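# A structural walkthrough
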Amino acid sequence: MQQSPTTRRLAAHLNRRARWRWPEIVFWLAIVSVIFAAPSRAAIINEVLIAGLFALSLDLILGLAGIVSLGHAAFFGLGAYAAAILASKGLADPTLGLVLGAAVAAVAGLATAPLLLRGADLTRLMVTLGVSLMLGELANRNGWLTGGADGLNFSIAPVLGLFPIGFTGQRNAALYSFAVLFILFAIARRLAQSPFGLALAAIRENRLRAGALGIDTSRRIIAIYVVAAAYAGAAGALLAQTTQIVSLDLFDFHRSADVMLMLIIGGAGYLYGGLIGAAAFIVLRDVISAATPEYWEFWIGLALVILVLAGRERIGEAPRRLIALFAPRAARRGVA
């Protein structure tokens, strides 16, 4: 069947968007370089990578489909506990735990996704938050399986039987988290630039209009919610495996709030925003808390207020305006 000119142009446009550009390649190579160049900081790099994957999972539903969630920690905690329980039962293979964590979170996402199809954003916020609170209480009540308030301590086997990722293998842990993040990011990137991703963008802009165009909005919302839940579960499994401890703190509201702040800092909708926001948030938190342990939350809050009021675009344009302002003067001085 011969394609129409419009179809061919659209296919060519999607193929061009799917190509990896050199700034992206430099971005990922820089992360690998930092892991090898600063082995003493491998623990915080690993934390940034896991937080970046968690933020990426939220960006899949918030940035691509416009679905707001305050209970994303539910899937993060489920993935962590699934991997931890599996390891505590003697099956300590990291890959198996990672797949199980993502699968359990995906099933939970599939079970709760229909709740998002009704009501507006405020309803979704309350529903997602309620799901997270319920799962946290279930983990607390079933101490025979989850350890209750004491949590679980366990050991994890080396990756591929060769690379330990415990406290004695922090650089290996960072490389393991990087590999998982890169693979899942590449999948998410391809997903966002596919016809499915374009349909999600239409739903984000106007769900009623998207439905009028023939897009099955309900199925696509459920599909991306399940994928995002699986990504969050994978992030939780990574955290559990690289720290070898889980606790009820994983289900707390602050987890969902922190990942939302990361997206606010980095920007939602283009996937890299979650990674950049996670790095900025964690580094800023560590630097400020080291300088003023009592008031670090105040300074982070102040930075967020400035970011929201001033606007990310205007802040990003400030360096270019300064260059444009001083460059002509420098050129005139050189001529003189």
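Here the structure is a predicted model, which means the values were calculated and not measured. (Residues numbered from 1 in each chain as written. Predicted model: local features only at pLDDT ≥ 70, side-chain atom pairs only at ≥ 80, totals over all residues. Heavy atoms only, no water.)

### Side note on the overall build of the protein chain
Going by this rule: By definition, any uninterrupted DSSP run of H or I lasting at least four residues is a helix, any uninterrupted run of E lasting at least two residues is a strand, and each is numbered from the N terminus. For every residue, the accessible area obtained with a 1.4 Å probe (protein chains only) is divided by the maximum for its type, and the residue is called buried under 20%, exposed over 50%, and partly exposed between those limits. The contact criterion used is simple: two residues touch if any of their non-hydrogen atoms lie within 4.5 Å.
When helices and strands are counted, the protein chain shows 15 helices and 2 strands. In the protein chain, buried positions account for 44% of the 336 residues. Partitioning the intrachain contacts of the protein chain with sequence separation of at least 6 by distance along the chain shows that 77% fall at a separation of at least 24.

### Quick notes on a nonpolar patch on the surface
Stated precisely, the cut-off is as follows: Patch membership requires over 30% relative accessible area and the absence of a salt bridge. Like charges are linked within 9 Å, and nonpolar side chains (Val, Leu, Ile, Met, Phe, Trp, Tyr) within 5 Å. Areas reported here follow the Shrake-Rupley algorithm with a probe of radius 1.4 Å; residue values treat only the protein chains shown as occluding. Any carboxyl oxygen of Asp or Glu that lies within 4 Å of a side-chain nitrogen of Lys or Arg is treated as forming a salt bridge with it.
A grouping of Trp20, Ile25, Leu29, Phe182, Ile183 and Ile187 is seen on the molecular surface, where their side chains present a nonpolar patch of about 550 Å² in accessible area. Checked against the element boundaries, Trp20 lands in the loop between helix 1 (5–18) and helix 2 (22–37). Residue Trp20 is classed as partly exposed on the basis of its relative accessible area of 34%.

### Quick look at the environment of Val227
One can find Val227 in helix 11 (residues 217–243). Taking the C-alpha atoms as reference, Val227 lies 9.9 Å from Val107; in sequence the two are 120 residues apart.

### Quick word on the nonpolar core
Inclusion rule: Remark: nonpolar core denotes a set of buried residues (Ala, Val, Leu, Ile, Met, Phe, Trp, Tyr, Cys) joined through side-chain atoms within 4.5 Å.
If you look at the biggest cluster of nonpolar residues, it comprises 97 residues, and the most contacted ones within it are Trp28, Leu53, Leu60 and Val246. Apart from residues lying up to four places away in sequence, Trp28 is in contact with Trp20, Phe178, Leu181, Phe182, Phe185, Tyr272 and Leu275.

### Re helix 13 (residues 272–291)
For the record, the criterion: For a helix, the expected span equals 1.5 Å multiplied by the residue count minus one.
Look at helix 13: 29 Å from first C-alpha to last across 20 residues, which is about the 28 Å you get at 1.5 Å a residue. Of the positions making up helix 13, those classed as buried are Tyr272, Gly273, Gly274, Leu275, Gly277, Ala278, Phe281, Ile282 and Ile288. Where helix 13 is buried, its residues meet helix 2, helix 3 (42–62), helix 8 (170–192), helix 12 (253–266) and helix 14 (296–310).

### Section: the confidence of the model for the protein chain
Operational definition: Confidence of the predictor at the level of single residues is given by pLDDT, which spans 0 to 100.
Looking at the protein chain as a whole, its pLDDT mean stands at 84, while 88% of the residues score no less than 70. Ignoring residues within four places in sequence, the model shows residues 328–336, a span with pLDDT below 50, making 1 contact including any to other chains.

### Considerations on the pattern of salt bridges
For the structure shown, the criterion picks out 7 salt bridges. For the salt bridge of Glu137 with Arg141, the shortest nitrogen-to-oxygen distance reads 2.8 Å. Of this pair, Glu137 and Arg141 both sit in helix 6 (residues 121–141), 4 residues apart, which is roughly one turn of the helix. Overall, Arg141 belongs to the exposed group, its relative accessible area being 68%. Ionic pairing is found between Asp216 and Arg219, a salt bridge with its closest N-O pair at 3.4 Å.

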